[in-house]
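Residue-level structural notes
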Amino acid sequence: MATSCGPWWRNCALDADAEIMAVDAAEDRIAPVDADVARIRELISTLELCHHKADRWVHNIIEAIGTGATTKGLGTRPPGRQHARETVWQDACAALSAWCAGCPGAKVDATIDTVPAARLVACLGERSALKEWQVQRVIDKIRSAIHWPQSADDPTARYVWLLLSAGEYESAYLDQCPEHYREHEDFWRTTARTILHDTENGDVADLSLALAIDMLMPCHWGFVENLRIVLEAIGGKLDPEQPFAACGRNIGLLPIRRRMEVVSNTLRVFCGDPASGRQLDRALLVLLGTPTEAKQWLAASLDKTIRLQLSPPAELRAMSAMAGPEWIRQQRSD
């Protein structure tokens, strides 16, 4: 019978394997865990390699392991400071809002990252009420994630899931139209039944447009490409040129994958494993400093988290594949 993981592993595994059990045993040996050490371990538990700042986050965590303390984490950024990527998200909202307001696509004068907004909006094709409704859902999704222009406490800023029942890691899907969308149930149903002919982990994988909108995360490293795929699908192009990547879905495309493998190698050597010809980052070993039991526990935790996210367990890979609800698959086979 499988042993469930503790909360430290919530971002990478459901069941504990032998390596996780060994890391947990190392924690038991240093108990009670110092408050600063626990804060660093919590940073590891919130790490997502698909995030556009993941490489920097990993460096911050390693730096914290070396010094034994951290000032990083959610809510620690000074008020008013904005990351350059947040401007990209706001530009996307502004461009799509202009289109929904009736502005011709060719006249949407903005740039989303390095892509002219007019080029992205052109993917939508001829305007229709259904497309306007779908684009508004895209805007809602982006705004809910970046809390712009509304505050996070504003109820109108909360995105109502189209097909996921309770968030991005929930395995169950909705089997009926949410009350929020009931006035346009026909639009909701058409969106759910619109299927992109995608690939996942190299295999053919159909993807509902509703799920693609649900999983359009602005913080994802491939946000602009994912946005283009969604807008093209709304416009009728259902065979994307690139796979749709979201959280653990198509994690093999992660741009920092090789870098994270080197980091993992380095952490394992710090924990006592032989180098065995593996590529290392010696600067990280300097940053980590002299090994201690607490440092090695944190390093082992980070290493295992990285490796599990780069190669997710089967049950998490199945969740991130976003196969969609049975009622959609059944109707397509009838």
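Read on for a plain summary of the structure. (Residues numbered from 1 in each chain as written. Predicted model: local features only at pLDDT ≥ 70, side-chain atom pairs only at ≥ 80, totals over all residues. Heavy atoms only, no water.)

Notes on the packing of aromatic side chains
By convention here, two paired aromatic rings are described through the distance between centres and the angle between planes. For clarity, the cut-off: Put simply, two rings from Phe, Tyr or Trp (the six-membered ring, in Trp's case) pair if the centres are within 6.5 Å, and we call them stacked under 30 degrees between planes, edge-to-face over 60, tilted for the rest. Only protein chains enter the calculation, and the probe is 1.4 Å; a residue is then buried if its accessible area is under 20% of its type maximum, exposed if over 50%, and partly exposed in between. We call a charge positioned above a ring when the Lys NZ or Arg CZ atom is no farther than 6 Å from the ring centre and deviates by at most 35 degrees from the ring normal.
On inspection of all chains with the given rule, the structure shows five aromatic pairs. For the ring pair Tyr159 and Trp161, a centre distance of 5.6 Å and an interplane angle of 80° mean the geometry is edge-to-face. Look at Tyr159 and you get buried, because its relative accessible area is 11%. One aromatic cluster is present, built from ring pairs that chain together Trp133, Tyr181 and Phe187. Over the face of the ring belonging to Trp99 we find Arg127, whose NZ or CZ atom lies 4.2 Å from the ring centre. Here the guanidinium or amino end of Arg137 rests over the ring plane of Trp133, the centre of that ring lying 4.8 Å away.

Re the packing of helix H2 (residues 35–45) against helix H12 (residues 293–310)
Heads up, the rule is: Every axis in this analysis is a line fitted to C-alpha atoms, fitted for helices over the stretch in contact. Angles between the N-to-C directions lie between 0 and 180 degrees. Here a strand is any run of E in DSSP of at least two residues, a helix any run of H or I of at least four, and the numbering for each starts at the N terminus. Working definition: roughly parallel below 35 degrees, roughly antiparallel above 145 degrees, roughly perpendicular at 65 to 115 degrees, and oblique for all remaining angles. Any pair of residues with heavy atoms lying within 4.5 Å of one another is described as a contacting pair. Residue polarity is assigned by list, with Asp, Glu, Lys and Arg as charged and Ala, Val, Leu, Ile, Met, Phe, Trp, Tyr, Cys and Pro as nonpolar; anything else, Gly included, falls into the polar class.
It is the contact of H2 with H12, at a shortest axis distance of 10 Å, that shows an interaxial angle of 10°. Judged by the angle between their axes, H2 and H12 are roughly parallel. When H2 is examined against H12, the residues Val37, Ile40, Arg41 and Ile44 are found in contact with a partner set consisting of Ala294, Trp297, Leu298, Ser301, Leu302 and Thr305. Of the residues in the contact of H2 with H12, the class split is seven nonpolar, two polar and one charged.

With respect to the nonpolar core
In globular proteins that are soluble, nonpolar side chains generally tend to be buried together. As a reminder, the rule being used: The set of buried Ala, Val, Leu, Ile, Met, Phe, Trp, Tyr and Cys residues whose side-chain atoms join them within 4.5 Å is what this entry labels a nonpolar core.
The biggest cluster of nonpolar side chains holds 56 residues, and the ones touching the most others in it are Val138, Phe223, Leu227 and Phe244. Where this core is concerned, the elements lending two or more residues are helix H4 (84–100), helix H5 (117–122), helix H6 (129–146), helix H7 (185–193), strand S3 (195–200), helix H8 (209–214), helix H9 (223–234) and helix H14 (326–333). Ranked by residue count, the leading element in this core is H9, at eight residues. With residues up to four places along the chain from it excluded, the contact list for Leu227 reads Ala92, Leu96, Leu120, Val138 and Leu216. Formed by 39 residues, the second largest nonpolar core is a distinct cluster that contains Ala16, Leu43, Ile44 and Ile306.

Thoughts on the packing of helix H3 (residues 54–67) against H12
Stated formally: If you view the pair so one helix is near and one far, a crossing is left-handed when the near helix is turned anticlockwise from the far one by less than a right angle, and right-handed when it is turned clockwise.
Between H3 and H12, the shortest axis-to-axis distance is 9 Å and the interhelical angle comes to 165°. Put simply, H3 runs roughly antiparallel to H12. The element H3 and its partner H12 pack so that their crossing is left-handed. Contact with H3, carried on its side by Val58, Ile61, Ile62, Ile65 and Gly66, involves Lys295, Leu298, Ala299, Leu302 and Ile306 of H12 and no other residues of that element.

Observations concerning the state of the cysteines
Cut-off, in case you're wondering: Put simply, a disulfide is two cysteine sulfurs that come within 2.5 Å.
Counted according to the given criterion, the structure contains zero disulfides. With no disulfide partner, Cys12 has as its closest neighbouring cysteine sulfur the one in Cys5, 6.9 Å distant. Taking relative accessible area as the criterion, Cys12 reaches 2% and is therefore assigned buried. Of the cysteine sulfurs around Cys123, a residue in no disulfide, the closest is that of Cys100, at 15 Å.

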